[in-house]
Amino acid sequence: MTTRVLYIGGTGTISAACVRRGLEQGHDVTVLNRGSGRRPLPDGVREIVADVRDAGSVREAVGDAEFDVVAEFLAFTPDHVQQDLDLFEGRTGQYVFISSASAYEKPPRRLPVTESTPLRNPFWRYSREKIACEDLLVAAHRERGLPVTIIRPSHTYDERLLPTIGGWTDIARMREGRPVVVHGDGTSLWTITHSDDFAVAFAGLLGNPAALGDAFTITGSHAPTWNQIYGWLADAAGVRHPDFVHVASETIAAFAPELGPTLVGDKAHSMLFDNAKVTALVPEFRTTITFDEGARRILAHYDAHPEEQRADADLDGLFDRIVAHARSAG
């Protein structure tokens, strides 16, 4: 039987790849969003347009439709999840919630991280909200048998998402021969996963009864250093001798408090994950796209779309100040 899947989102970095994979698997795919997605929907997708933050709008748009799977990519607080439960509980055979691997304890006491690693991140509110969402769903499963599956991705990217602090601003600085800030000493290991690889594992869990009432990390096994990540981007950008300035994450956070949670609460630490749990259910899942290739795809996309090459003037000035401070301090 064809699996009927409703994606709440469907055009983001992760969800767009999952939509494509679902179609390849023969799923009957419906996407619910505001209709102004960042990526075009492929042929064969049914689109429902509604404001996902307006329960009445969603209820009217969805009507009495039922789905085998509801996959939620746009819930970030318990209120968002509760709205979903009010709308879809009893109308779906599986509710799939996209949480975050940043919810695992920081700093990590042991590597690799597994699904049994405690969930605790005192540095990043985003992660704490995801943990609160999970708590709500686990309680619903225990109390009422909610058929929930929790997914914890780590840093997932595609050709339009640059994984560095500065995004395109970093590439522009490299190409101009200017210094680029790299957090820490650049030697920590960072698991980075292409969305096409992620989608293989994700699709394999949809409609899978063995996935109900459980949580899964989906990250792949590719964990280069940050120096390698920046270096591969430089190579792809045609920069032979990039000028990398290493700065402690805490120092960057002092200059830019808005960057602090994502660094001190996540990227500052080596993060390695054990994917044995998901591969036991989806044995075809593995890393097929490493970031040396991913970097080439990213630069090929941006060089083909110069209108998307948007450097941030404020961020550029911030990096100049951080570099000046680092070099004056020796």
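Before any of the text, the structure's been laid out above.
Residues numbered from 1 in each chain as written. Predicted model: local features only at pLDDT ≥ 70, side-chain atom pairs only at ≥ 80, totals over all residues. Heavy atoms only, no water.

**Considerations on the overall build of the chain**
Item 1. Of the regular secondary structure elements, the chain holds twelve helices and eleven strands.
Item 2. The C-alpha atoms of the chain give 20 Å as radius of gyration, which agrees with the globular expectation for 330 residues (20 Å, within 12%).
Item 3. In terms of its C-alpha atoms, the chain occupies a principal-axis envelope of roughly 65 × 45 × 40 Å.
Item 4. Put simply, the chain has 330 residues, and 53% of those count as buried.
Item 5. For the chain, the computed accessible surface area is about 14,300 Å², with 48% contributed by carbon and sulfur atoms.
Item 6. The distance from the centre of the 33 positive side-chain charges to the centre of the 45 negative ones in the chain is 3 Å. (Helix = DSSP H or I, 4+ residues; strand = E, 2+ residues; numbered from the N terminus. Rg over C-alpha atoms; globule rule 2.2 N^0.38 Å. Buried < 20%, exposed > 50% of the residue type's maximum accessible area, 1.4 Å probe, protein only. Areas by Shrake-Rupley, 256 points an atom, 1.4 Å probe, with all protein chains shown as cover. Lys, Arg positive; Asp, Glu negative; His and termini not counted. Charge placed at Lys NZ, Arg CZ, Asp CG, Glu CD.)

**Here's the deal with the environment of Gly 93**
Item 1. By the secondary structure assignment, Gly 93 is in the loop between helix 3 (78-88) and strand 5 (95-98).
Item 2. Among the residues examined, Gly 93 registers a relative accessible area of 42% and is labelled partly exposed.
Item 3. As a C-alpha pair, Gly 93 and Thr 11 span 82 residues in sequence and 23 Å in three-dimensional space.
Item 4. When neighbours within four sequence positions are excluded, Gly 93 is seen to be in contact with Phe 67, Asp 68, Pro 147 and Leu 212. (Contact = heavy atoms within 4.5 Å.)

**Some remarks on the packing of helix 2 (residues 55-62) against helix 3**
Item 1. Helix 3 packs onto helix 2 with a crossing angle of 35° between their chain directions and a minimal axis gap of 11 Å. Like other packed secondary-structure pairs, helix 2 and helix 3 cross with a definite hand, here right-handed. Packed against helix 2, whose contacting residues are Ala 55, Val 58, Arg 59 and Val 62, the element helix 3 presents Gln 83, Leu 87 and Phe 88 at the interface.
Item 2. Classifying every residue of the contact of helix 2 with helix 3 by side-chain character gives five nonpolar, one polar and one charged. (Axes fitted to C-alpha atoms, helices over the stretch in contact; angles between N-to-C directions. Left-handed = near helix turned anticlockwise from the far one by under 90°. Nonpolar A, V, L, I, M, F, W, Y, C, P; charged D, E, K, R; others polar.)

**Re the pattern of salt bridges**
Close approach of charged atoms allows side chains with opposite charge to pair.
Item 1. Tallied over the entire structure, the rule returns 20 salt bridges.
Item 2. The shortest N-O distance in the salt bridge between Arg 178 and Asp 320 comes to 3.2 Å. With Arg 178 in the loop between helix 5 (168-175) and strand 8 (180-183) and Asp 320 in helix 12 (residues 313-328), this pair connects stretches of sequence that are 142 residues apart.
Item 3. The network of salt bridges with shared partners includes Arg 173, Glu 176, Arg 178, Asp 316 and Asp 320. (Salt bridge = Lys/Arg side-chain N within 4 Å of Asp/Glu carboxyl O.)

**Details of the pairing of strand 11 (residues 244-247)**
Item 1. What you see with strand 11 is a clean split: Val 245 and Val 247 sit on the buried side and Phe 244 and His 246 on the side with no burial.
Item 2. The pairing of strand 8 with strand 11 spans four bridges and is parallel. Bridged to Val 182 within strand 11 is His 246. (Pairing = 2+ DSSP bridges.)

**Some details on the packing of helix 5 against helix 7 (residues 226-236)**
Item 1. Interaxial distance between helix 5 and helix 7 falls to 10 Å at its minimum, and their mutual angle equals 60°. Our classification of the angle between helix 5 and helix 7 gives oblique. Helix 7 is crossed by helix 5, and the crossing has right-handed handedness. Across from Asp 170, Ile 171 and Met 174 in helix 5, the residues of helix 7 making contact are Tyr 230, Leu 233 and Ala 234. (Parallel < 35°, antiparallel > 145°, perpendicular 65-115°, else oblique.)

**Brief notes about unusual backbone geometry**
Item 1. With an omega of -10°, the peptide bond running from Lys 106 to Pro 107 counts as cis.
Item 2. For the peptide bond that leads from Leu 111 to Pro 112, omega is 0°, which places it in the cis range.
Item 3. Along the chain, the position of Pro 112 falls in the loop between strand 5 and helix 4 (125-144).

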